[in-house]
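Structural features, examined
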Amino acid sequence: MEIRQLECFVAVAEELHFRRAGERLGLSQSALSERISALEHEVGARLFFRTTRQVSLTQAGSDFVNDAKSILNDIERSISNIRHTAESDLHHIRVSGVDEAISMLLPRALLEFRQTDPKVHVQVLEISSSEQHSQELIAHRTDVAFVRKHQEDKFITSTLLHRQPIVVALAHTNTLSRSASLSTPDIADQPIVGYPKHARPILHEALWSGFRQIGVQPNIVCEIIDKSTLLQFVAHGLGIALVPAWVKNIAPPGVSFVPFEPCENLIDLYLAFRTSGNSETLKRFIKTVITTTT
């Protein structure tokens, strides 16, 4: 079976018209018909009903079309992997990820990496939605991504870098700032600076799940995506917030942090990358990130 035969079959299946499919492929109608007939002979089944007025898929053709598209997509992806690997050897790496990794972990990893690969150019990509990272990896628009959830399929794999607790951020003037730890009932009557669900789903759910368990509605005074801005709101006493422990490193004066119970409230950080098609330079970078952050 030839790739061109599958391309012809998919074109006719989508157009349901031999002339239009032939124009799309740059083939004469007779040449296209010959390829379809050869494919039907090879698979041992009739794929189309053909009359002088109409073309339609048989049941066998209808079942086969998705498989044929999948085969063609796999071939295209494999070719893309090969080309990308060749291009990547030009010492260019694209990195995307959540804010903690880009601001806190990546600089340290880059300093270590440049000891052996000083000429590599690293491009940091701004991707607002964490859910986009896997699509960006598959599409070869980024090479590695720091993500919050484990990624594992035939195209992408990931390695756990670390886990860290969620803490409560409060203004120094808040009497709760002197607590040894805080749970949801302790903050039930506090004004809260929260997060939009689409932007910070893990922290959003950590807050709301605790309040659902005690049957109380949280007093959300505003929702903010950027953690630096959120900490400024907290410092001015506009509300408290649930944050990952790493934000202590970027907190302005006037903010305290108290452990949030239960201690099972953890935030994971993974390094995700493609399972194949990675250059030797990229493999060394991945190894460096893992060894410097775990």
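Above this text you will find the structure in question.
Sequence order as written defines the numbering, with residues in each chain counted from 1. In view of the model being predicted, local features appear only for residues whose pLDDT reaches at least 70, and side-chain atom pairs are presented and counted only at 80 or more, with totals across whole chains, interfaces and linings using the full set of residues. Side-chain numbers come from the whole structure's heavy atoms, not from hydrogens or water.

Side note on the overall build of the protein
For clarity, the cut-off: For the purposes of this entry, the term helix denotes a DSSP run of H or I that reaches at least four residues, the term strand denotes a run of E that reaches at least two, and both are numbered from the N terminus. Here the globule rule is a power law, 2.2 Å times the number of residues to the power 0.38, and the radius of gyration is based on C-alpha atoms. Residue exposure (1.4 Å probe, protein chains only): buried if accessible area is under 20% of the type maximum, exposed if over 50%, otherwise partly exposed. Throughout, a residue-residue contact means that at least one pair of heavy atoms, one from each residue, lies within 4.5 Å. Values of accessible area rely on a 1.4 Å probe in the Shrake-Rupley scheme; residue burial ignores everything except the protein chains shown. Note that His is not counted, nor are the chain ends; the positive residues are Lys and Arg, and the negative ones are Asp and Glu. Charge coordinates come from a single atom per side chain, which is NZ of Lys, CZ of Arg, CG of Asp or CD of Glu.
Helix and strand counts for the protein stand at nine helices and eleven strands. Against the globule reference of 19 Å for 294 residues, the protein gives a C-alpha radius of gyration of 27 Å, more extended than a compact globule. If you line up the protein on its principal axes, its C-alpha atoms span 85 × 50 × 25 Å. A total of 294 residues make up the protein; the buried ones form 45% of that total. Look at the contacts in the protein between residues 6 or more apart in sequence, and 71% of them connect residues 24 or more apart. Accessible surface, the protein as shown: approximately 15400 Å² in total, 51% of it carbon and sulfur. Distance from the positive charge centre (30 side chains) to the negative charge centre (33 side chains) of the protein: 3 Å.

Considering helix 1 (residues 3-15)
Formally: Helix span, as expected, comes to 1.5 Å for every residue beyond the first.
Under the 1.5 Å per step criterion, the end-to-end length of helix 1 is 18 Å for 13 residues, consistent within 8% with the ideal 18 Å. For helix 1, the full list of buried residues reads Gln5, Leu6, Cys8, Phe9, Val10, Ala11, Val12 and Ala13. Backbone geometry just downstream of helix 1 places leucine 16 in the positive-phi region, at approximately 50°.

Observations concerning the nonpolar core
To keep things clear, this is the line we draw: Buried Ala, Val, Leu, Ile, Met, Phe, Trp, Tyr and Cys residues that are joined via side-chain atoms within 4.5 Å together make up what is termed a nonpolar core.
The biggest cluster of nonpolar side chains holds 30 residues, and the ones touching the most others in it are Ile166, Val168, Leu170, Leu182, Ile187, Leu230 and Val243. Counting only elements with at least two residues in this core, the list comes to strand 6 (156-171), strand 7 (191-194), helix 7 (201-214), helix 8 (227-235), strand 9 (241-244) and strand 10 (255-259). With near-sequence residues (within four places) excluded, valine 168 lies in contact with Leu182, Ile240, Ala241, Leu242, Ser256, Phe257, Val258 and Phe260.

So, the packing of aromatic side chains
We apply this condition: When the centres of two rings from Phe, Tyr and Trp lie within 6.5 Å, Trp using its six-membered ring, the rings pair. Their planes under 30 degrees apart give stacked, over 60 give edge-to-face, and anything left gives tilted.
Taken as a whole and judged by the stated rule, the model has four aromatic pairs. Geometrically, the ring pair formed by phenylalanine 113 and phenylalanine 285 is edge-to-face, given 5.1 Å between the ring centres and 85° between the ring planes. Residue phenylalanine 113 is found in helix 5 (residues 99-113), and its partner phenylalanine 285 is found in helix 9 (residues 280-293); the two are separated by 172 residues along the sequence. The buried category is assigned to phenylalanine 285, whose relative accessible area is 1%. Members of the aromatic cluster, joined through ring pairs, are Phe9, Phe18, Phe48 and Phe64.

Interpretation in functional terms is not warranted from these geometric data alone.
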